[in-house]
Amino acid sequence: MIRNGVPLPPTVYPLAKRRVWAMLAGSLVFVALGIGFLVAHSTLKMTVAGALAVPFFGFCSVVIIQRLLRGRPELVLDDAGVDHARLGRFGWDEIAAVRIREQRVRNTSQWFIELVLHDPDAYLARAPKLVRSTASMNARLGFGPANMATNTLPVSPEAVLDAMRRHRPGLAVQH
């Protein structure tokens, strides 16, 4: 979009590093607990718990470290579309609407910005492997494949939606 003869500059959101460091610390605590279960406990239940925790939270830790080392912005919005560190690039013409969604698990919740796509299958054909592998689980939860967790963004989901509407006036927002 050109405003008064000048293109709107990109809106860049860096990775919320303090939050991501906290996520890394949490993952490493569970790796340590898993190792403790494997080494110190002789029950089958504890051994299985440790055998599951170490590779899962170890993988999570590696992914988090990669995000920290990469140093690229978490989200960039411009007049051509959306570029998310995990989801990839979307043109505005691919996005039918956006919405803020909440996923509750026990006594906690996680907020997401969901990009409602015109053709989710076309996106999944080019999506990163991790997105493709979680797509069926997201579908069972009532989510589409393009969900941005807001815990790695330095601003509120509402601020991101406002910026999206600045870059794409008339963008549909579903509630």
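What counts, and at which threshold
Residues numbered from 1 in each chain as written. Predicted model: local features only at pLDDT ≥ 70, side-chain atom pairs only at ≥ 80, totals over all residues. Heavy atoms only, no water. Helix = DSSP H or I, 4+ residues; strand = E, 2+ residues; numbered from the N terminus. Buried < 20%, exposed > 50% of the residue type's maximum accessible area, 1.4 Å probe, protein only. Contact = heavy atoms within 4.5 Å. Areas by Shrake-Rupley, 256 points an atom, 1.4 Å probe, with all protein chains shown as cover. UniProt positions renumbered as here; feature names shortened; annotations may be inferred. Pairing = 2+ DSSP bridges. Axes fitted to C-alpha atoms, helices over the stretch in contact; angles between N-to-C directions. Core = buried A, V, L, I, M, F, W, Y, C linked by side-chain atoms within 4.5 Å. Phe/Tyr/Trp six-rings, centres within 6.5 Å; stacked < 30°, edge-to-face > 60°.

**Description of the overall build of the protein chain**
- Broken down by element type, the protein chain carries five helices and nine strands.
- Taken from N to C terminus, the helices and strands of the protein chain fall in the order β-β-β-α-α-β-β-β-β-β-α-α-β-α.
- Among the 175 residues that make up the protein chain, the fraction classed as buried is 35%.
- Partitioning the contacts of the protein chain with sequence separation of at least 6, the portion at a separation of at least 24 is 62%.
- When the accessible surface of the protein chain is summed, it comes to about 10200 Å², and 63% of that surface belongs to carbon and sulfur atoms.

**A look at the UniProt feature "transmembrane region" (unreviewed entry) in the protein chain**
- Following the UniProt record, one finds the feature "transmembrane region" (unreviewed entry) at residues 20–40 and 46–65.
- Taken end to end, residues 20–40 is 100% helix and 0% strand, and its first and last C-alpha atoms sit 30 Å apart.
- Regarding residues 46–65, the helix share stands at 100% and the strand share at 0%, and the terminal C-alpha atoms are separated by 27 Å.

**Observations concerning the sheet that holds strand E3 (residues 11–13)**
- Read from one edge to the other, the open sheet built from four strands follows the order E3-E4-E5-E6, with strand pairing classed as antiparallel. With one partner strand each, in any of the chains shown, E3 and strand E6 (88–91) form the two edges of the open sheet. Direction aside, the axes of adjacent strands within the sheet are offset by 10° on average.
- In the sheet, E3 pairs with strand E4 (residues 75–78) via three bridges, with the strands oriented antiparallel. By the bridge assignment, Val12 is partnered in E4 with Val76.

**Some details on the nonpolar core**
- Judged by nonpolar contacts, the single largest core of 25 residues is most densely connected at Val82, Phe90, Ile95, Leu115 and Met164.
- Secondary-structure elements contributing two or more residues to this core are E4, strand E7 (95–105), strand E8 (108–117), helix H3 (120–126), helix H4 (129–140) and helix H5 (157–167).
- The element that contributes the greatest number of residues to this core is H5, accounting for four residues.
- The contacts of Met164, once residues within four sequence positions are left out, are Leu77, Val82, Trp92, Val98, Ile113, Leu115, Met148 and Leu171.
- Judged by nonpolar contacts, the second largest core, of five residues, contains Leu15, Leu24, Ile64 and Leu68.

**What to know about the sheet that holds E7**
- An order of E7-E8-E9 is seen for the three strands of this open sheet, with the pairing classed as antiparallel. Looking along the sheet, the strands with just one partner apiece sit at the ends: E7 and strand E9 (147–149). In this sheet, neighbouring strand axes are inclined to one another by 25° on average, regardless of whether the strands run parallel or antiparallel.
- Bridging between E8 and E9 involves three bridges; their strand directions are antiparallel. Counted as the bridge partner of Ile113 is Met148 from E9.

**Some thoughts on the packing of aromatic side chains**
- Across all of its chains, the model carries four aromatic pairs by this definition.
- Geometrically, the ring pair formed by Phe56 and Phe57 is edge-to-face, given 4.9 Å between the ring centres and 85° between the ring planes.
- Measuring from ring centre to ring centre gives 5.6 Å for Phe112 and Phe143, while their planes differ by 65°; the resulting arrangement is edge-to-face. Of this pair, Phe112 sits in strand E8 while Phe143 sits in the loop between H4 and E9, and the two are 31 residues apart along the sequence. The residues Phe112 and Phe143 share a single accessibility class, namely buried.
- Taken together, the ring pairs connect Phe30, Phe56 and Phe57 into an aromatic cluster.

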